[in-house]
Structure formats: C-alpha cells, structure tokens
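Per-entry structural report
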Amino acid sequence: MTLRSNEWYAGEDRNAYIHRAWMRRGVPDDAFRGRPQIAIANTASDLTPCNAHLSGVAQFVKNGILEAGGVPLDLPVVSLGETNVRPTAMLWRNMAAMSTEEMLRANPVDGVVLLGGCDKTIPSLLMAAASVDIPAVVVPGGPMLNGSFRGAPLGCGTGVWKLSEEVRAGTLSNEDFTRSESAMIRSAGHCNTMGTASTMALVVEALGAIVPGVAGIPASDARLNEAAQLTGRLSVELVAEGRTPSTFLTEGSFRNAIVALAAIGGSTNAVVHLLAIAGRLGIDLTPADFDRIGAQVPLLVDLQPAGRHLMEDLHRAGGLLAVLREVRDLLDPGALTITGRPLVEYLEDAEIFDPEVITPRETALQEDAGIALLRGNLAPDGAIIKPAAASPHLLSHRGRALVFDSIEDFRERIDDPDLDVDADSVLVLRGCGPKGYPGMPEVSNMPLPAKLLEQGVRDMVRICDGRMSGTAYGTVVLHVAPEAADGGPLGLVQTGDWIELDVAARRLDIDVPAEELAARTPSAAMTDAFAAPTRGWEKLYVEHVQQADTGADLDFLIGSSGSEVLRESH
Ligand code: FES
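Residues numbered from 1 in each chain as written. Predicted model: local features only at pLDDT ≥ 70, side-chain atom pairs only at ≥ 80, totals over all residues. Heavy atoms only, no water.

The chain has the name Dihydroxy-acid dehydratase in an unreviewed UniProt entry, where Candidatus Brachybacterium merdavium is given as its organism. Recorded in UniProt under Sequence similarities (unreviewed entry), the annotation for the chain is "Belongs to the IlvD/Edd family." (UniProt positions renumbered as here; feature names shortened; annotations may be inferred.)

Right, here's the structure in full:
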C-alpha cells in the first residue's frame, strides 16, 4: 500500500523532518511510518445546531481509526446551519465544498470520514470528497427524537409552517405558537421530518457512501456511536483497498439513490444536490433521470411533511433497508456500497416492523412517487414538482398569474386585504434563483394570502425559480430554469397572464402568444431587485454558478481536481 501521506512524511530530508516534527506532539514515530492518516472532516458547530453533537460522534470515529491502525486527524470544516445562515445556506454550499476539497488536497491525509447532518453539510462534504477522490465515507449525524405538541406529533420545520399558518388564520395564539418551540426541538440531531437532512442521509446511504443501515439512526441513540466506531475502522480498510468514490459510485448508484428518494417521499432539494455530486464524478445525470426512474417507484413511507410520522418512527419500523427491500427489483443489483458489497445484499434480512410507517408495496401510499420534471414555454430547461406533497386537485390547473418580483415584494403585499387573488390564482415568485437572490433560497413554498386562509384555502399553485424546504408541502413548482435573473421567461410573466400546469403531461406553460412574449422585457421592479454583488464569494458565485437543472454548482468546480499536489510548501 502506497500512502499519499508518504509524500509528506517519508524520507530523512529537511522537508520530511518539518512535516513530521510539528505533528509529533507526543505521537509515536510509527504514526509517520506507514499508518494511514485519516482526516475527520467535522461540521460540528454551535451555530449549526443540528450538527453540534458531532464532536462526540467524532470521538467514536477516532476510536475506530486507532483500533484499525490508522491515525485520526481532526479537520474542522465550514459548517452551514440552515436556520441561521444568511442570506441562505445554499449560497455557501459550493464554498463549503470548495474549501473542504482544497483542505483535503493540501494536507497529508490518505482518507477521510465525513461528519454531516444539517441540509447542506452532507452534500458539500461529498462533493468535496468526490472531486479529490481519496477514500471517503460519510457518518450522518442522525435525526432528533420525535417532538409532540398538544398530544400530536410535531415535526421540525413542518410544524413551523403548519402552526404559523394557524396563527395567520387566527386559530392558534402567539403564546401557544412560542410554547411549541421547545416541544419541537427536544434533542440533538437534525430535523426529524423527511426534510432535506433526513433525505440526504438516506439517499446517500442508497448511493453507497454510508454503511448500509446507519442512516436514520437518531442522533441520541447509542447505536450511532457504535456505527461511528465501526465506520472509523472501515475508513482504514478503504485506504488499504484504494476504495475511492470514483471506484464505486456509478450510474447504478445514482439510480439506487433516485429509487430511494421516491420511495421515501424525499425532499426536492435532493435533486439539485445529487446533480452536483454526479457532476463532480463526471456522471451524466439529468433531472429527466429523476422523472424516468422515479416514475416506477411507489411511495412507501408515511412521514411528515406529506404524511404522519417522524424519523424516529422510520428507524423503529425497519429503516431505509426495509423500504428498499420492497422495491428491490427497481434497484441496480451491481451497484456497490462503501463496504465493497452491493446494496442489494443488505436487503436480504431487512424487515418492516411497523406497516403504519413503512407500508408494503401492495398497499403503497401512492404509485409513481418520483419527482416530476416539467417543461414548457415557462421553463425551457425544466422545473420540478413533488406530486407526493401536492394537492391532487391542483395537479392539472389553469389560473391567472399573480406576480411578485422579489421575496420582499411578496411579503409586503401578500396579506393586503385588497390583493386581487382567489383560490384559483397562480402565485409567481421570481428573483430567487441561484444568481437572482443570490443562492437559490427556500422560499418557493410561499405562505398563502391571509384572506384565503381565513376562507379555508390550504393550497394553491405556486411557481418559483428558488427551492423549497424539504419540510414543506403544497402544489409548488420550483427550480424553474433558466431563472428570471438569467433571462428565463419567468421574468416576462405579468399579473393576469393565464398559466397552465399539467403534471400528468409534464407541462408548464404561459398562455401568451410567442410573439407577444418575445416582445416583452423583464419588469423594471425585477431587475431593480437584483443588484450584482461587487466583491467576495457572492461575486465569484454569481459569475460562475450554474442553473438548477445541472446542480447549481460553480462552472469551474464541476469534475475532479484529484488528490495530487506536487509542489512542496518549503
Ligand atoms: Fe438543520 Fe433542518 S435545520 S436539518
């Protein structure tokens, strides 16, 4: 086994002396003589509350690395707390990926264990590891324990959207709303609904980059520590066998991830993250693959936001492997996992222990549970919708557009009693794409107008070039590409235009003659709302970010940098 770290530590020259000497600090000499150096890329941070417990998990990873003869090395990396980071954590996903990629390349490490949890953290870590292509394995931080409020399950995020609408509708007091905060978040871990964090952990396990059976173990469950320790041992084996991401992540792996995404009713955000990860590996994945593969997959998991239960229930009911066993025929039988064994081998003894949470295929909650790709003159490069989270009666709909030029414009006007809106209107929000916001925030699930909520309306067709929280629900068309700020036709829609949504036909159109549309120019209010950044990351991001249909990565980060850095530092 030739170790990458030998390039730093092997030999008796001055540079090898420098690299070893500063790292000794009580470490025995054999640590630099042929033992794999394993970084623990850790996104623990007090400002990322969903990941704050990861340093405890890292300790178990370290134990495992040491047991297997490796040398564990803490590598704190950029951490993104979904609920805190402004203007949106997605603006920083690529920065987190780029900085982790460069630190892995720059340092004497042979492999890496990736510790993530909150929404952007697992995607950014895996994008980085895929580009460097050193042996890498993910340990997901796990979901919080179930919340409950007034005798009913209260899911993270989903509860916020539901209860805040109740406040606006006048059916819940502000006092009770505040009281629900600590009922919702009652342990370490990430959101316990089928939001983006849960989705990405489960989907990355199906992809093969997490040891099968580990994703979904609650953060405070002792079995997560055991899994972390065993994964630490495995990371040393990965180095010995040269099992880098490019050696086992294939098109078949992404097929399995997409099947899992549909069967669990996962977040739409997984589309943009999986596209970006595939881009780093040189795998030609497109939004159409999600529609094509997902179209055969039944929805088997009854979790919030669309369903009833929470992640702790899913784990108790058998977890991802029990779900995948039901759709085994749709999986790629050859796709390997990080252990070197195919995913399908792990399904043999998987079992459903609670059919209320994981339903057998014969009683699927919905056929065709995949994410639908829409095209039309309003989204030439596509837009997506999650039919499982939408209202069936709105999946085919014709309504008049009510246009908002920015999220601020929306917030200012949506509760105006004189707003010309009814239940059939189509709410259009633009200026929320990767370039326009910038960063593609989770604002597409626009709150409904208060006056319609009071009338009992609970869903409307909404269209946006941004994203939607994985914990949200509704008939929301999102990731419209190209975005309005990039010249997309969404920027040409005017209030009063007729819009047609036909999910069965996969169409999203504006009923305006092509000549008339071509003659229009983007509204001044929209272009005024977009101020091109003049410095720093935002400037770099806006100048290089790609559209949602290719994963919203930066153009110069797509593909692999490799792990070789030949030039010495002294
Ligand atoms: Fe961190 Fe939901 S806010 S996972």
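Moving on, there is more to tell.
What follows covers helix α3 (residues 54-67). Counting along an α-helix, one turn takes 3.6 residues, and residues three or four places apart therefore face a common direction. In a regular helix each residue adds 1.5 Å, so 14 residues correspond to 20 Å; α3 covers 20 Å between its end C-alpha atoms and thus fits that length. Structurally, α3 contributes buried residues whose contacts are with β1 (37-42), β2 (71-76), β3 (111-116), β4 (136-140) and α9 (222-241). Just beyond α3, the residue with positive phi is G69, at close to 95°. (Helix = DSSP H or I, 4+ residues; strand = E, 2+ residues; numbered from the N terminus. Expected span 1.5 Å × (residues − 1). Contact = heavy atoms within 4.5 Å.)

This next bit is on the nonpolar core. Ranked by size, the top nonpolar core spans 115 residues in total, and within it L114, F254, L314 and L324 carry the most contacts. Residue contributions to this core peak at 9 residues, all from helix α11 (residues 251-264). Excluding residues that lie within four positions of it along the chain, L324 makes contacts with A206, A260, L331, L343 and L347. V480, A484, V503 and L517 belong to the second-largest nonpolar core, a separate cluster that totals 27 residues. (Core = buried A, V, L, I, M, F, W, Y, C linked by side-chain atoms within 4.5 Å. Buried < 20%, exposed > 50% of the residue type's maximum accessible area, 1.4 Å probe, protein only.)

Attention now moves to the packing of α11 against helix α12 (residues 269-281). Running from amino to carboxyl end, α11 crosses α12 at an angle of 175°, the nearest separation of the two axes being 12 Å. As the angle between them shows, α11 and α12 are arranged roughly antiparallel. Contacts between α11 and α12 involve F254, A257 and L261 from the first element and A270, L274, I277, A278 and L281 from the second. Considered class by class, the residues forming the contact of α11 with α12 number 8 nonpolar, no polar and no charged. (Axes fitted to C-alpha atoms, helices over the stretch in contact; angles between N-to-C directions. Parallel < 35°, antiparallel > 145°, perpendicular 65-115°, else oblique. Nonpolar A, V, L, I, M, F, W, Y, C, P; charged D, E, K, R; others polar.)

Side chains on a regular strand alternate between the two faces of the sheet. Across 6 bridges, the pairing between β1 and β2 is parallel. Paired with I38 across the strands is P72, a residue of β2. Crossover β1 to β2 through α3 is right-handed. (Pairing = 2+ DSSP bridges. Right-handed = clockwise from strand over helix to strand, strands pointing away.)

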